[in-house]
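Understanding the architecture of this molecule
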Amino acid sequence: MLFSRALSTNCWILNMDVKLLLMIFTFQRNGVGYPVMVFIHGGGFVDGDGTSGFYGPDKLLLTKDIILVTIHYRLGFLGFASLDDGDFAGNYGLKDQSLALKWVKENIAKFGGDGDKVTVVGESAGAASAHFHILSPQSQGLFQRAILLSGTADCPWAVSTAHQNGNLTAKMASLVNCSADTSATELLECLRKVEGSEFLIHNEKFQTVWKGYSVPIVIFRPTIESHSGNAFITQESYKSQSKKPMMIGATSDEGALVLAILKRDKTRSLESALSEFDKRFTEIMPVEGDFLDDPDHKERAEKIKTEYFGNSTISNETLPQLTKLYSDTYFLNGIKSTLSRHEGEKYVYKFGYEGSYSISQLLSGDPTYRNGVCHADDLFYLFPMKPFLGLRVGSETEKDKEISAKFVDLITNFVIEGNPNSKSEPSIWTPSSKDVDFLSISTEGNFEMKKNFPGA
């Protein structure tokens, strides 16, 4: 039976370096050896933070004895620019995270935690980051299991080649009046004199294929490095294997994220934007799907359009197909690829409960807008997410609170035991098999096992 207790926590904010900030949440209690959950926020490797307003302990620590650690890491150009040179290797954001994990392992005992009972949890870009930590030699031995919410290293926005990243880095350098024709050391010296805000100002100059609609959705990404002593990613994710236990899943309508972004443009109608996408599909889709370097990218795009829309045009009448296209392209294809290769025990889920609020309402700017269970909607049931509640009408319903309690229970059980099921209640979730069994959380909030993730 679920129970509640007064939430009274300790919070330590550790600023160990200008580039690294950790927040540690524990209950005001005596004790040692508590399991640790390290959360990595999402935001497309360019946005977001680990502050308590978003990712505080309000829900997670209400019934379970765990320690929550949230981390900040370098983002955007500062976190992921690279020239694939020893002096300018890239992946600084991931290396910040790995340094944080190392610190947790070595020091969390001072806060009542067990450095040998650490679970890394991430959402979206944070989930892709967690997957990179599973695969990278740099993070081995720093944690025992992982939870990936709506993202993996196999998603197209999660990684770039050294050549791709080098070209982007050189372009940004020229935009801030630094020459990429000099040595990496000289270029770094020049870039270090540039105000960080100036890099953000130039981001839109990398998103010109569909003006106003953030394509590509992620610009500076983790990158494959040459083999050197401090390299974090040295090969494509499909070449790496791991047996680390993992929980992994997605919401039922991940692609609703993109539709909400399209809808928020008040300078034109959604129908007008969809009409342009329909006409320019073979130009835009290769960038969104990260296959522009394929010599046959236009033909490939045509096949995708036929697969999802047949002979229909992209319009308000085909929004379900478009949502599915974006769900598959940005998230589900990558997640399924990860599932097909992962050798360790894995618990798979699909979160389809439609609660009283969706991030689609915030992103679209319309408090009445809904389009299924959007990317990141599941976060409302794990964390306070206070900065995202601006357009909420009314409060959490009793059903919302019930689903939140159940979802928190599954997550924290996995953090504590490596098994999401409660010891005191019948098991509802079995590890995935070759049939890709998954726990389905339905629109109405029912929990049941199904086969062939992600199902219908």
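The present account deals with the structure reproduced in this document. (Residues numbered from 1 in each chain as written. Predicted model: local features only at pLDDT ≥ 70, side-chain atom pairs only at ≥ 80, totals over all residues. Heavy atoms only, no water.)

Broken down by element type, the protein carries 14 helices and 10 strands. Scaling as 2.2 N^0.38, a compact globule of 456 residues should have a C-alpha radius of gyration of about 23 Å, and the protein matches this with 22 Å. Projected onto its principal axes, the C-alpha coordinates of the protein cover approximately 55 × 55 × 40 Å. Burial status across the protein gives 56% buried among its 456 residues. (Helix = DSSP H or I, 4+ residues; strand = E, 2+ residues; numbered from the N terminus. Rg over C-alpha atoms; globule rule 2.2 N^0.38 Å. Buried < 20%, exposed > 50% of the residue type's maximum accessible area, 1.4 Å probe, protein only.)

It is worth spelling out the pattern of salt bridges at this point. This model, assessed by the stated rule, comprises 24 salt bridges. In this structure, the salt-bridge partner of Arg 268 is Glu 276, at a minimum N-O distance of 2.7 Å. For Glu 276, a relative accessible area of 21% translates into the label partly exposed. Through salt bridges with shared partners, one network takes in Arg 268, Glu 276, Arg 280 and Glu 283. (Salt bridge = Lys/Arg side-chain N within 4 Å of Asp/Glu carboxyl O.)

This paragraph deals with the packing of aromatic side chains. Scanning all chains against the criterion turns up 27 aromatic pairs. Measuring from centroid to centroid gives 5.1 Å for Phe 45 and Phe 80, while their planes differ by 65 degrees, and the two rings are edge-to-face. Here Phe 45 is found in the loop between strand E3 (34-40) and helix H1 (52-55), whereas its partner Phe 80 is found in helix H2 (residues 76-80), with 35 residues between them in sequence. Look at Phe 45 and you get buried, because its relative accessible area is 0%. (Phe/Tyr/Trp six-rings, centres within 6.5 Å; stacked < 30°, edge-to-face > 60°.)

Take the nonpolar core next. Grouped burial of nonpolar side chains is what soluble globular proteins tend to show. By size, the foremost hydrophobic cluster in this structure holds 103 residues, and its most contacted members are Trp 157 and Trp 210. For Trp 157, the contacting residues outside a window of four places in its chain are Phe 45, Ser 124, Ala 125, Ala 128, Ser 150, Gly 151, Ile 217, Val 218, Arg 221, Tyr 330 and Phe 331. Ile 67, Tyr 73, Trp 103 and Ile 108 belong to the second-largest nonpolar core, a separate cluster that totals 37 residues. (Core = buried A, V, L, I, M, F, W, Y, C linked by side-chain atoms within 4.5 Å. Contact = heavy atoms within 4.5 Å.)

With that settled, consider the side chain of Glu 225. Looking at the element boundaries, Glu 225 is found in the loop between helix H7 (196-201) and strand E7 (246-251). Within the structure, Glu 225 has its side chain in polar contact with the backbone nitrogen of Phe 232 (distance 2.8 Å). Setting aside its immediate chain neighbours within four residues, Glu 225 contacts Asp 84, Ala 89, Gly 90, Asn 91, Lys 95, Asn 230, Ala 231, Phe 232, Ile 233 and Thr 234. (Polar contact = N/O pair within 3.5 Å; in protein donor to acceptor, adjacent residues only side chain to side chain.)

Here helix H11 (residues 297-309) spans 18 Å end to end across 13 residues, near enough to the 18 Å set by a 1.5 Å rise per residue. As for H11, its buried residues are in contact with helix H9 (270-279), helix H10 (281-288) and helix H12 (319-341). In the stretch just after H11, Gly 310 is the one whose phi turns positive, near 60 degrees. (Expected span 1.5 Å × (residues − 1).)

Moving on: the environment of Phe 45. On a C-alpha basis, the gap between Phe 45 and Glu 354 in space is 27 Å, while along the polypeptide they are 309 residues apart. Apart from the residues lying within four places of it in its own chain, the contact partners of Phe 45 are Leu 75, Gly 76, Phe 80, Ala 125, Ala 128, Ser 129, Trp 157, Ala 158, Val 218, Phe 220 and Pro 222.

Right, let's get into the state of the cysteines. Applying the stated criterion across every chain yields a total of 1 disulfide. Through a disulfide, Cys 178 is tied to Cys 190; the S-S separation comes to 2.0 Å. In this structure, the disulfide formed by Cys 178 and Cys 190 twists by about -85 degrees around the S-S bond and is classed as left-handed. In this pair, Cys 178 is assigned in the loop between helix H5 (162-175) and helix H6 (184-191) and Cys 190 in helix H6, connecting sequence segments 12 residues apart. Cys 190 sits in the partly exposed class, given a relative accessible area of 25%. The structure places no disulfide on Cys 155, whose sulfur is separated from the nearest cysteine sulfur, that of Cys 374, by 15 Å. Using a relative accessible area of 0% as the deciding quantity, one classes Cys 374 as buried. (Disulfide = S-S within 2.5 Å.)

This part takes up the pairing of strand E4 (residues 67-72). Burial analysis of E4 places 6 of its 6 residues in the buried class, the great majority of the element. Along E4, one buried face is formed by Ile 67, Val 69 and Ile 71 and the opposite face, lined by Leu 68, Thr 70 and His 72, is buried too. Where strand E2 (residues 20-27) and E4 come together, 5 bridges link them in antiparallel fashion. Pairing of Ile 24 across the sheet is with Val 69, part of E4. When E3 meets E4, the two strands line up parallel, connected through 5 bridges. Paired with Met 37 across the strands is Leu 68, a residue of E4. (Pairing = 2+ DSSP bridges.)

With that settled, consider the environment of Glu 283. Relative to the helices and strands, Glu 283 resides in helix H10. In sequence terms Glu 283 and Ala 301 are 18 residues apart; their C-alpha atoms lie 8.3 Å from each other.

Look at helix H3 (residues 92-107) against helix H4 (residues 125-135): their axes get within 11 Å of each other, and the N-to-C directions meet at 65 degrees. By the angle class used here, H3 and H4 are roughly perpendicular. Here H3 runs over H4; the crossing is right-handed. Contacts between H3 and H4 involve Leu 94, Gln 97, Ser 98 and Leu 101 from the former and Ser 129, Phe 132 and His 133 from the latter. Counted by class, the contact of H3 with H4 contains 3 nonpolar, 4 polar and no charged residues. (Axes fitted to C-alpha atoms, helices over the stretch in contact; angles between N-to-C directions. Parallel < 35°, antiparallel > 145°, perpendicular 65-115°, else oblique. Left-handed = near helix turned anticlockwise from the far one by under 90°. Nonpolar A, V, L, I, M, F, W, Y, C, P; charged D, E, K, R; others polar.)

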